[in-house]
Amino acid sequence: MTVQDMRMGGFLNETQHLRHLVENQRNTLSWRITAPLRVIRHLSKGQLPTGDKITYVLGKIWTVYHEEGFKALWSRIQARLPRKPKASRSRHEASPVEKFTSKLDISEKIETIEDQYLRPVSAHSVSDFSPSYLIIAELSLRQCAKYRVWQKQEQLESLGWHVRVVDWRETFVALTALQTCTNVIFYRVPAFESVEKLLNEAKRLNLPTCWEVDDLIFSEDHYKNNANLDSLSSSEREMVFSGVKLFRNCLLSCDKAIASTRILAQEMRNAGVNEVSVIENAIDEQTLSISNQIFQEHSTLDHGTEEIRIVYGSGTKTHDADFLVAADGIVAAMLEDERLTLHIIGDLTVPEVCNKVKSRIKTLEGRDYALYMRLLAQADITISPLEKTIFNDCKSNIKFLEAAVLSVPVICSPADAFMQVVRDGENAMIARTPQDWKNAILSLASDNAKRKAMGRAAYQDALDRYSPENITQQQILPVFGKPEHKKKPDLSIVSVNVYFAPRSFGGATFVAEEMVKYLTQKPDITVSVFTSRPDMEWRANAAIRYRVYDCNVMGVRVPPDGDRVAGIDNPLATESFRQWLQTVRPDIVHLHATQGLGLGLTRACLEAGIPYVITLHDAWWLCDRQFMLTGEGNFCFQNKIDLRICQMCEPSARHLHERATMMRVALRNAALLLVPSQSHKNLFIANGIPEEKFVINRNGFVWPAKPRVPRKPGQPLRFGYVGGAETVKGYPLIRKVFEHLKTGRWELMLVDNKLSLGIRSVFPEAWKVKGVIKTVPAYTQSTMDNFYNGIDVLLFPSQCKESYGLTVREALARDIWVVVTEPGGQVEDVVEGENGTIIPIGSNPIHLQKAVEDLLSKEAELLTYENPYKDRLATFDMQGRELEEILRTIVGKDLHAD
């Protein structure tokens, strides 16, 4: 399944990348200019630009107008239009819809929420993370990646660091990876717009950043003096120079830098970087393995007097000018000794002087590293000519290393990196002039013993200085150090919920947040959170890390609510969760509402050997519709789920059997299942989950901070409803009831709980009523008492068996009468006629109508009402203490242990 998750994650990231390219195209001037033509084309086909059929849209408009009137139609249209900033209204100027809606600028709310996600995060926030490095790298240059990226990963991991490598072009993958690392290295990365996003994100997260390179690609002045560029076309040169500026910008945007040679390091300092370290290219395990295999196979040829092979690995045509340095000397030597042959591996424009010995020159295409090394092993002599420039003095001595591990003698130019290791005439030879090149080649060609002795000396010197162990201890360790693993807290917990602050939505979220707040107050407990995030177009599928309630939160993108299959299995969320587990290293995971995040989270826990518990807030684990409703919005009244009935309810759903199997596996693998009520526990037991898996952990709630402000005599009875426009919460019932009331001596406060998500979903201006209706956004902990002080009766006509009914308890704790449906957990703390009115679940409004009319007839009695059963209610402290003991018991860390 892990492989499948990775495969699907790759597809999704590729899809998102293509969408990003399409979006860029749509922002171009040509796309905007041709927009009217596309509109005309759609209209000619009977479609709107969105692709919807005009007849279908007109039908929907007519239905809303016919059922709700023009005001409702206009409100719905306005809600779909982009909002423009409005001039501020005088506090005394009446709003045209003030009767129905409290003032709320949705666009401002969205901006405020997004700002909270994008707030800078302190460097201290990663203090509990598993120490790690993210290397965002140029991986298409295979040799560069081998020596600067994969070697670095190998070296750092040998010191105990966790290392992840991402190609810099995979912007959204890199954005996600930044959320879980503690340090980041940008290798050979230019500061394109996409990379600037990565740099800005690293700064927001306060991550130490480092820019690394092994070529002088950030200095335009020195680049202009590189004769190798003469082999490029004018357009290719222009592209190179534009890249130089981008490399320099990226270098200067980072905190420090790493160079492969001392001269390159000095050029970085000259560019303005204060802290620069030198880490040389080295021998790695792959190179040693290849060379050992070659030695064991005895593939190095001894040509004797028949042929003396000179091998030159060119790589690219940018080495044309370098080869010219040695060309005359090579040809002169070959003319003098007919045994000499020249083998060129890679692209090279062979100069005319070589025509004199053309028959003894062979050109081979570039090879992968292993095959290149096998060809090099067949050499008697290898060469590394370099033009005398500062650019080449910045280069490393890879040609020496590769020849040395094969015991092949090398002749090289006196570039600085070679001069740091070469003992002329002992482990290699230095050639400065054409005559030097001729003499060195002939000297080695004429003396087989000298060649072997020089090869052996080079091999030993290379191992002594550049072995993985030596480079790691002498160069890597002083720069990076060993990872500091801080002492873990006594208990580390990951809490998972599909919503979390600042997007607090629904009762499960409220409970999840309160449990996190309770647990984080414990000095020996660390809590981190995994949740969803709102759509942020520029981030595409990338995750985001932020801080709230003094803990780290990881937010990922989830599929739309209507995509139920994707909500069961979300590969991108699963992969991000795996990274999160590796980063925060929890003892246990507490899963709340995970729809949209998917069951892959449970697989990730099992793979990591981390126990998980699930709080079953609703019936999502049993019902594809989550609340056991039919397509018409009615409660299905199943107790033991029959999938044949479910299939008739959802004829187009072909995943129900597979879904049920996956859910059962996830539930059975849980260490424990928590339920907030006996009613909810009974539902799962009826569906085959063993009773011993369950513990009732009743939800707490925010108790009033001060006594309730009573309703004034003569003031209309005030009703409140917090379920939004959902049919399952009884919204249509409430509308029917209040539209049929003959009296207008009442007020109704409707909570539009989607306003906090930037969506308006309640449109009371379409109601035909005699009383007053007001709409408010979902209350928060700080505004809860104000809301409940404004109502006398809570209406809770839920059309399903709720697992608990949080708002019912909030109202009961504040001496507010409740009208509540049964059966379900929502009614377990209600005593009929003493603290509430109990009505049956059903779409017929007659029972709710009678309850409301009865209360209106005795409104005076409610002026002094107090709930006599408040002492039976749970609190968040009670719930938190129970939860803490449950979690500690599971991981073997007893709450009462010394």
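Residue positions are given per chain, counting from 1 as you read along its sequence in written order. Only residues with pLDDT of 70 or above have their local features reported here, since the model is predicted, and side-chain atom pairs are shown and tallied only from 80 upward, although totals for entire chains, interfaces and linings are computed over all residues. Calculated side-chain values reflect all of the structure's heavy atoms, with hydrogen atoms and water omitted.

Side note on the overall build of the protein chain
What counts, and what does not: Every helix listed is a DSSP run of H or I at least four residues long, and every strand listed is a run of E at least two residues long, numbered separately from the N terminus. Three labels apply to residues, based on accessible area from a 1.4 Å probe with only protein chains included: buried if under 20% of the type maximum, exposed if over 50%, partly exposed otherwise in between. Should any heavy atoms of two residues lie within 4.5 Å, those residues are considered in contact. For the accessible areas, the method is Shrake-Rupley and the probe is 1.4 Å, while residue cover comes only from the protein chains on display.
When its secondary structure is counted, the protein chain shows 33 helices and 26 strands. The proportion of buried residues among the 898 residues of the protein chain is 53%. Summarising the internal contacts of the protein chain: among those between residues at least 6 apart in sequence, 72% fall at separations of at least 24. Accessible surface, the protein chain: about 40,700 Å² in total, of which carbon and sulfur atoms supply 53%.

Examining the sheet that holds strand β6 (residues 276-278)
Where we set the bar: Strand pairing follows a simple DSSP-based rule, namely that at least 2 bridges must link the two strands. Axes here mean lines fitted to C-alpha atoms, for a helix over just the part in contact, with angles spanning 0 to 180 degrees between N-to-C directions.
Here six strands make up an open sheet; going across it, the order is β2-β1-β3-β4-β5-β6 and the pairing parallel. The open sheet has two edge strands with one neighbour each: β2 (162-167) and β6. On average, adjacent strands in this sheet sit at an angle of 20° to one another, irrespective of strand direction. Two strands pair when backbone bridges link them, and strand β4 (residues 209-213) and strand β5 (residues 256-259) are joined in this way by four bridges, in the parallel orientation. Across the sheet, residue Cys 210 finds its bridge partner in β5, namely Lys 256.

Topic: unusual backbone geometry
In this structure, the amide linkage connecting Ala 501 to the following residue, Pro 502, adopts the cis form with an omega of 10°. The linkage connecting Glu 822 with the following residue, Pro 823, adopts the cis geometry, with an omega of 5°. You can see Pro 823 is positioned in the loop between β25 (817-822) and β26 (836-840). A positive phi is found at Ala 540, a non-glycine position, where the angle reads about 50°. On the secondary structure map, Ala 540 appears in the loop between β14 (525-532) and β15 (544-548). Phi is positive for Asp 550, which is not a glycine, with a value near 60°. Looking at where Asp 550 falls in the secondary structure, it is placed in the loop between β15 and β16 (551-556).

Considering the confidence of the model for the protein chain
Rules: On a range of 0 to 100, pLDDT expresses the predictor's confidence in each residue.
Summary statistics for the protein chain give a mean pLDDT of 86 and a share of 83% for residues scoring 70 or more. Confidence over residues 1-9 falls short of pLDDT 50; this stretch has 12 contacts with residues more than four positions distant or in other chains.

Digging into the pattern of salt bridges
Oppositely charged side chains are able to pair whenever their charged atoms sit close together. Here is the rule: Should a side-chain nitrogen of Lys or Arg be within 4 Å of a carboxyl oxygen of Asp or Glu, the pair is scored as a salt bridge.
Taken as a whole and assessed by the stated rule, the structure comprises 45 salt bridges. Here Asp 214 ties to Arg 188 by a salt bridge, and the two come within 2.8 Å at their closest N and O atoms. Pair noted here: Asp 214 is in the loop between β4 and α10 (220-224) and Arg 188 is in the loop between β3 (183-187) and α9 (193-204), with a separation of 26 residues, a long-range link. For Asp 214, a relative accessible area of 6% gives the class buried. Its relative accessible area of 11% is what places Arg 188 among the buried residues. With a shortest N-O distance of 3.0 Å, Arg 339 and Asp 337 are connected by a salt bridge. Classification of Asp 337 by relative accessible area gives buried; the value is 12%.

Observations concerning the packing of helix α19 (residues 434-445) against helix α20 (residues 448-466)
Put simply, the rule is: Oblique is the label for any angle not under 35 degrees, not over 145, and not in the 65 to 115 range, which are roughly parallel, roughly antiparallel and roughly perpendicular in turn. Throughout, the ten residues Ala, Val, Leu, Ile, Met, Phe, Trp, Tyr, Cys and Pro are labelled nonpolar, Asp, Glu, Lys and Arg are labelled charged, and all others, Gly among them, are labelled polar.
Remark: α19 packs on α20, axes separated minimally by 6 Å, with the N-to-C direction vectors making an angle of 105°. What the angle tells us is that α19 and α20 run roughly perpendicular. For the pair α19 and α20, contact is made by Ser 443, Leu 444 and Ala 445 and by Lys 450, Arg 451 and Met 454, respectively. Split by residue class, the contact of α19 with α20 holds three nonpolar, one polar and two charged.

As for the nonpolar core
Basically, it comes down to this: Side-chain atoms within 4.5 Å link the members of a nonpolar core, which is a set of buried Ala, Val, Leu, Ile, Met, Phe, Trp, Tyr and Cys residues.
Residues Leu 178, Trp 211, Phe 218, Phe 530, Phe 577, Val 589 and Trp 621 are the most contacted members of the largest nonpolar core, which totals 97 residues. Tallying contributions element by element places helix α8 (residues 171-178) first for this core, with six residues. Counting 54 residues, the second largest nonpolar core, distinct from the first, contains Cys 144, Leu 288, Leu 401 and Ala 428.

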